[in-house]
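# Breakdown of the fold
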Protein chains: 2
Amino acid sequence: MRRRRLEPDARREQILSVAIRLFGSKPYAQVSTTDVARDAGVARGLVNHYFGTKKDLYLEVVRVMLTVPEVALEQLPQGDLAERADSIVGWFLDVVSRHSTSWLAAIGAGGMAGDADVDEVIAEAIDIAADGILRAVGMERRPPPALRGMARAYVGLAVYTAQEWLKRGVLTRDQVHALLAVSLVTMVERVFPQA
Amino acid sequence: MRRRRLEPDARREQILSVAIRLFGSKPYAQVSTTDVARDAGVARGLVNHYFGTKKDLYLEVVRVMLTVPEVALEQLPQGDLAERADSIVGWFLDVVSRHSTSWLAAIGAGGMAGDADVDEVIAEAIDIAADGILRAVGMERRPPPALRGMARAYVGLAVYTAQEWLKRGVLTRDQVHALLAVSLVTMVERVFPQA
DNA sequence: CCGCGTTGTTGACACATCGCCAATAGTGCT
DNA sequence: AGCACTATTGGCGATGTGTCAACAACGCGG
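The model shown is predicted, which means the values in this text are computed figures rather than measured ones.

For the rest of this paragraph, the subject is the overall build of chain A. When helices and strands are counted, chain A shows nine helices and zero strands. Walking chain A from its N terminus toward its C terminus, one meets helices and strands in the order α-α-α-α-α-α-α-α-α. Dimensions of chain A, computed from the C-alpha atoms along their principal axes, are close to 65 × 35 × 30 Å. Contacts in chain A between residues at least 24 apart in sequence constitute 64% of all its contacts with a sequence separation of at least 6.

Right, let's get into helix H1 (residues 8-25) of chain B. Residues and elements named next belong to chain B. Helix length check: H1, at 18 residues, gives a terminal C-alpha distance of 26 Å against a target of 26 Å (1.5 Å per residue), a fit within 8%. If you check which residues of H1 are buried, you get Ile15, Val18, Ala19 and Phe23. What you see down the axis of H1 is that its buried residues fit within an arc of 125°, all on one side. In H1, the exposed positions that point more than 90 degrees away from the buried face belong to Asp9 and Ala10. Residues of H1 that are buried in the fold lie against helix H2 (33-40), helix H3 (44-51), helix H4 (54-66) and helix H6 (100-107).

Okay, the protein's contact with DNA strand D next. By nearness alone, 22 residues border DNA strand D, and Ser32, Asn48 and Thr53 of chain A together with Ala43 and Gly45 of chain B come closest of all. Only helix H2 (33-39) and helix H3 (44-51) of chain A together with H1 and H3 of chain B provide two or more residues apiece to the surface near DNA strand D. A per-element tally of the surface near DNA strand D places H3 of chain B first, with four residues. Looking at the surface near DNA strand D, its residues break down into six nonpolar, eight polar and eight charged.

Between chain A and chain B, which share one sequence, the superposing operator has a rotation angle of 180° and an axial displacement of 0.1 Å; the RMSD is 0.1 Å. In symmetry terms, the pair is related by a two-fold rotation axis. Considering only C-alpha atoms, the residue of chain A closest to the rotation axis is Leu157 of chain A, which sits at 2.2 Å.

Before going further, it helps to spend a moment on the protein's contact with DNA strand C. The environment of DNA strand C is made up of 24 residues, and the closest members are Ala43 and Gly45 of chain A together with Arg5, Ser32 and Thr53 of chain B. Those elements that place two or more of their residues in the surface near DNA strand C are helix H1 (8-25) and H3 of chain A together with H2, H3 and H4 of chain B. Ranked by the residues each element gives to the surface near DNA strand C, the list is headed by H3 of chain A, at four residues. Split into classes, the residues belonging to the surface near DNA strand C amount to six nonpolar, eight polar and 10 charged.

Residue and element names in this part refer to chain A. Looking at chain A, the domain boundaries give domain 1 (8-63) and domain 2 (67-194). Distance between the C-alpha centres of domain 1 and domain 2: 29 Å. Residue-level contacts link 11 residues of domain 1 with 12 residues of domain 2. If you list the elements that add at least two residues to the side of domain 1 that touches domain 2, you get H1 and helix H4 (54-66). At five residues, the largest contribution of residues to the side of domain 1 that touches domain 2 is made by H4. Of the residues that constitute the side of domain 1 that touches domain 2, the class distribution is eight nonpolar, one polar and two charged.

Residues Met150 and Tyr154 of chain A together with Met150 and Tyr154 of chain B are the most contacted members of the largest nonpolar core, which totals 115 residues. With residues up to four places along the chain from it excluded, the contact list for Met150 of chain A reads Met187, Val191, Phe192 and Ala195 of chain A together with Leu171 and Leu179 of chain B.

How big an interface is tends to be stated in terms of the accessible area lost upon association of its parts. Taken together, the contact between chain A and chain B spans 36 residues of the former and 36 residues of the latter. The element that contributes the greatest number of residues to the side of chain A that touches chain B is helix H8 (residues 145-168) of chain A, accounting for 13 residues. Each residue belonging to the side of chain A that touches chain B can be placed in one class, and the counts come to 20 nonpolar, 11 polar and five charged.

Right, let's talk about helix H5 (residues 81-98) of chain B for a bit. Residues and elements named next belong to chain B. Helix length check: H5 (18 residues) gives 26 Å between terminal C-alpha atoms against 26 Å at 1.5 Å per residue, within 8%. Along H5, the positions that sit buried rather than exposed are Arg84, Ala85, Ile88, Val89, Phe92 and Val96. Taken end-on, H5 shows its buried residues confined to a sector of 130°, consistent with a single buried face. Looking at the packing, one finds that the buried side of H5 touches H6, helix H7 (116-136), helix H8 (145-168) and helix H9 (173-191).

Okay, the environment of Glu60 of chain B next. Residue and element names in this part refer to chain B. By the secondary structure assignment, Glu60 is in helix H4. Look at Glu60 and you get buried, because 20 C-beta atoms sit within 10 Å. Sequence spacing of Glu60 and Ala19 is 41 residues, and the spatial spacing of their C-alpha atoms is 9.3 Å. In contact with Glu60, not counting residues within four places along its chain, are Leu16 and Phe51.

What follows concerns the environment of Leu59 of chain B. Residues and elements named next belong to chain B. In this fold, Leu59 is placed in helix H4. The exposure class of Leu59 is partly exposed, given the 19 C-beta atoms found within 10 Å. Taking the C-alpha atoms as reference points, Leu59 and Val118, 59 residues apart in sequence, are found 6.4 Å from one another. Not counting chain neighbours up to four residues away, the residues in contact with Leu59 comprise Asp117, Val118 and Val121.

Cut-offs applied
Residues numbered from 1 in each chain as written. Chains lettered and ligands numbered in written order. Predicted model: local features only at pLDDT ≥ 70, side-chain atom pairs only at ≥ 80, totals over all residues. Helix = DSSP H or I, 4+ residues; strand = E, 2+ residues; numbered from the N terminus. Contact = placed C-beta atoms within 7 Å. Expected span 1.5 Å × (residues − 1). Buried ≥ 20, exposed ≤ 12 C-beta atoms within 10 Å, placed from the backbone. Arc of directions from axis to C-beta. Near = placed C-beta within 6 Å. Nonpolar A, V, L, I, M, F, W, Y, C, P; charged D, E, K, R; others polar. Least-squares fit on C-alpha atoms with pLDDT ≥ 70 in both. Domains from an automatic or database assignment. Core = buried A, V, L, I, M, F, W, Y, C linked by C-beta atoms within 7 Å.

Here it is in structure tokens:
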């Protein structure tokens, strides 16, 4: 058996990419560390050596999957609320549809939702998205907790709606876009002020 | 060792109640059939005998948890849209807050989201809720798929928002109520017509 | 070119959980 | 009381996971 010796960073990267592919195609419980090791052409023990526990590996995967380019959030048009809502929704749908399968698997927690650590990682991603929404619609820099909660709820709407489009296929992109844009304008004008 | 022999229905019911309690307090992976058997004062093999696999048992649990009283959905006030939206939202928040912990655990899939069978059970519950929403706001009996998709997305918003209230505590019930009522009216008037 | 130490890598052991099934022993009936 | 029915048990085999001592690939000095 020929062993190949890689730089730790390279090996870690390689195993991680295999894990991303597997966790992106099957739920958590249906992916064994043996699968990851086999596909990476590596002993199972090495996976634990680099990532600790299986859940730790999964946390890394989810982190990568949910890390979306934050770019182009600053260069939003300076038009009125409706225009800004339109463009932020379009940006969100672009990001989601680009790597839809892995994104959906991650946001659905691929079978580990309810676990405290996994929930925390997902919550962070939703927080980032919610803050992006708030900034895009011209909210203050330091929003009160209630306002952020409302923004997170809106992100939840966006997630569910995107699933109806990408997973179920019962909505078109235009319908999703309209639903989210209208909802966002309504929330900004009539709900957010209550916080 | 003293054995006690029960009627199959009674034993099944007893084991199920224990499973509901455990799955309601910990995610799927952290509940072993050994735990269920021990708390039920029963051999582990008996759990498999009555429910088959562990996932089958979990499916039963989720089914029970998400089965909410469909009552009082017919006796909604016949006022205008805003009034009907108000009362359906109030009813939803009542149901959710009554058995909040178990309901949240179930709708979050307690660590099995992504699994096809579990997703199906949850999807059925959301379907029922979505149809209830559509009927409450006076929609047709046989809504087109797109319309049901939009209604399901709204249910998703309700779920996320309820979590911000019950789990995070950053929103008050009044704020949640306002958010959901306003959103529902907006969707019925300006989004649903597109389907 | 050859030992030699560093360390990436392996294989196996211990433990936990699950599905399954033959053996066991309550329970009601004659 | 004896018996048949079946609810119930306990253990076996398979699978998955974390850990760790041992192994070997690669760089380096002689």
